[in-house]
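What the coordinates show
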Amino acid sequence: MSPTQEHEFLLELVRNRPSLVATLLTEMGVPVPDFDEARLESPDFTDCVPTEYRADSVVVLADGKPLSGIVLEVQRAYRDEKTWSWPVYLATLRARLKCPCTLLVFCPDTRVAVKCGRPIDMGHPGWSLRPIVLGPEQVPMITDLGRAVAEPELTALSAIVHGSTEEGFKVLQTFHDAHEHLPEELKSYSDLVLSVLPEFVVAKFKEISMAMGTNYEPRSKLVREWVDHGIAQGLTQGITQGIAQGIAQGEAKAVLRILEGRGLTVSEEARERIHTCEDPDLLLAWVDKALTVKSVDELFEEADSDH
């Protein structure tokens, strides 16, 4: 999957149905005003400041006049500079619309979501911006067919976020079942989901389709060719990769448990490095060294040189 696809899938769903952001906020317990229209607004915030600022997407909830502005940002990695630009987005949009405005940040990774949710101290007494962060845990698992048909965009997002998890099989099945009930113009959501999910999950989607007595064919030629050529090897590779990732995660947890059990301080950067390491030999070396090193820095130095 390409970085563009990973970054764009939620934005594409919002472009098709701007009211999706109101649904997501409601799911998280954030109140939204009663509105009769949800429309896209320009995400460009260059009119009030000399530096170019541009959000991923902006939606306006209105009832004849603007009631609420929602800035949507997609973050796959934490970027410190966003703590400076996000307040600009909100202040500029608020001045433009003359109504309350909200920042909604979507983070497919839980660790990134935690970082992005930290309060931003504006420096003025009593003024702290707390981004509303939508992580994997906040995206509902849609397993009810009626809701899946009524809210196809939310269901597509649910399938993308949860489809590759152990609990996601039912979500994929519900997404598949809802596909045949959707208007023709919305059936392309299946292509969007398949283009983002790992190949072994796409193979599972194909299995669901065959088991249900249907034969789903992607509407996009590019996705169709990718699915047809990747199903067989994708399933095998996906299972192998899944096992390897599970082992790596277990070894990473073992390293951290040993270090913390010995009372060593593990910085956030070190924790991130250990969690994201996919080299099994290096992880095993870290497990051995964690028993004797006097600091986490020493762990990395010795393990790297040995490896």
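This text follows the structure it describes.
Keep in mind that this is a model prediction, so the values were computed, not measured.

Below, the discussion takes up the overall build of the chain. For the chain, the count of helices and strands is 13 helices and 7 strands. The buried share of the chain, taken over its 307 residues, is 42%. Put simply, 63% of the contacts in the chain that link residues at least 6 apart link residues at least 24 apart. Surface accessibility of the chain: about 16100 Å² in total, with carbon and sulfur atoms responsible for 52%.

This next bit is on the pairing of strand β2 (residues 57–62). With respect to burial, β2 is a largely interior element, 6 of its 6 residues being buried. Burial along β2 is two-sided: S57, V59 and L61 facing one way and V58, V60 and A62 facing the other are all buried. Alignment of strand β1 (residues 37–41) against β2, held across 5 bridges, turns out to be antiparallel. Residue A38 lies in a different strand from β2, and its bridge partner there is L61. In this structure, β2 lies alongside strand β3 (residues 66–74), joined through 6 bridges in antiparallel fashion.

Checked against the element boundaries, T174 lands in helix α7 (residues 169–179). The class for T174 is buried, based on a relative accessible area of 4%. In contact with T174, not counting residues within four places along its chain, are I142, T143, D144, L145 and A148.

A word on unusual backbone geometry. Backbone geometry places K98, a non-glycine residue, at a positive phi of 60°. Looking at the secondary structure, you find K98 in the loop between α3 (82–97) and β4 (101–106). With relative accessibility at 69%, the residue K98 sits in the exposed group.

Okay, the packing of helix α2 (residues 20–27) against helix α6 (residues 152–162) next. Packed helix pairs are characterised by how far apart their axes lie and by the angle those axes make with each other. Viewed as axis vectors pointing N to C, α2 and α6 meet at an angle of 65°, and their least axial separation amounts to 10 Å. As α2 packs across α6, the resulting crossing turns out to be right-handed. In contact with L20, T23, L24 and E27 of α2, α6 contributes E153, L154 and L157.

Summed over the entire model, instances satisfying the criterion amount to 1 cavity of 30 Å³ or more. Space inside the largest cavity adds up to approximately 40 Å³. Together, A148, P152, T155, F175, A178, H179, L182 and S190 line the largest cavity. For the lining of the largest cavity, the secondary-structure elements that each account for two or more residues are α6 and α7. No other element matches the 3 residues that α7 contributes to the lining of the largest cavity.

Rules used in this analysis
All residue numbers refer to position in the chain's written sequence, counted from 1. At least 70 in pLDDT is required for a residue's local features to be given in this predicted model, at least 80 for side-chain atom pairs to be given and counted, and no such filter applies to totals for whole chains, interfaces and linings, which use all residues. As a convention, hydrogens and water are excluded, and side-chain values are obtained from all of the structure's heavy atoms. Each helix is a run of DSSP H or I of at least 4 residues and each strand a run of E of at least 2, with the numbering of both proceeding from the N terminus. Note on exposure labels: buried denotes an accessible area under 20% of the residue type's maximum, exposed denotes more than 50%, and partly exposed covers the range between, all computed with a 1.4 Å probe on protein chains only. For this analysis, residues touch if any pair of their heavy atoms sits within 4.5 Å. Shrake-Rupley sampling with a 1.4 Å probe provides the accessible areas, and residues are treated as covered by the protein chains on show and by no other component. Pairing between strands requires that DSSP locate at least two bridges from one strand to the other. Each axis is a line fitted through C-alpha atoms, and for a helix only the stretch in contact is used; angles between axes span 0 to 180 degrees, taken between their N-to-C directions. By convention, the crossing between two helices is left-handed when the near helix turns anticlockwise from the far helix through less than a right angle, and right-handed when the turn is clockwise. Any residue with an atom within 4 Å of a point lines the site, the site being either a cavity, points on a 1 Å grid over the protein atoms alone where a 1.4 Å probe fits but cannot get out, or a pocket, an open set with protein on both sides within 12 Å along at least 5 of 7 lines. Grid points are joined across faces, edges and corners, and a volume is the space filled by probe spheres set on the points.

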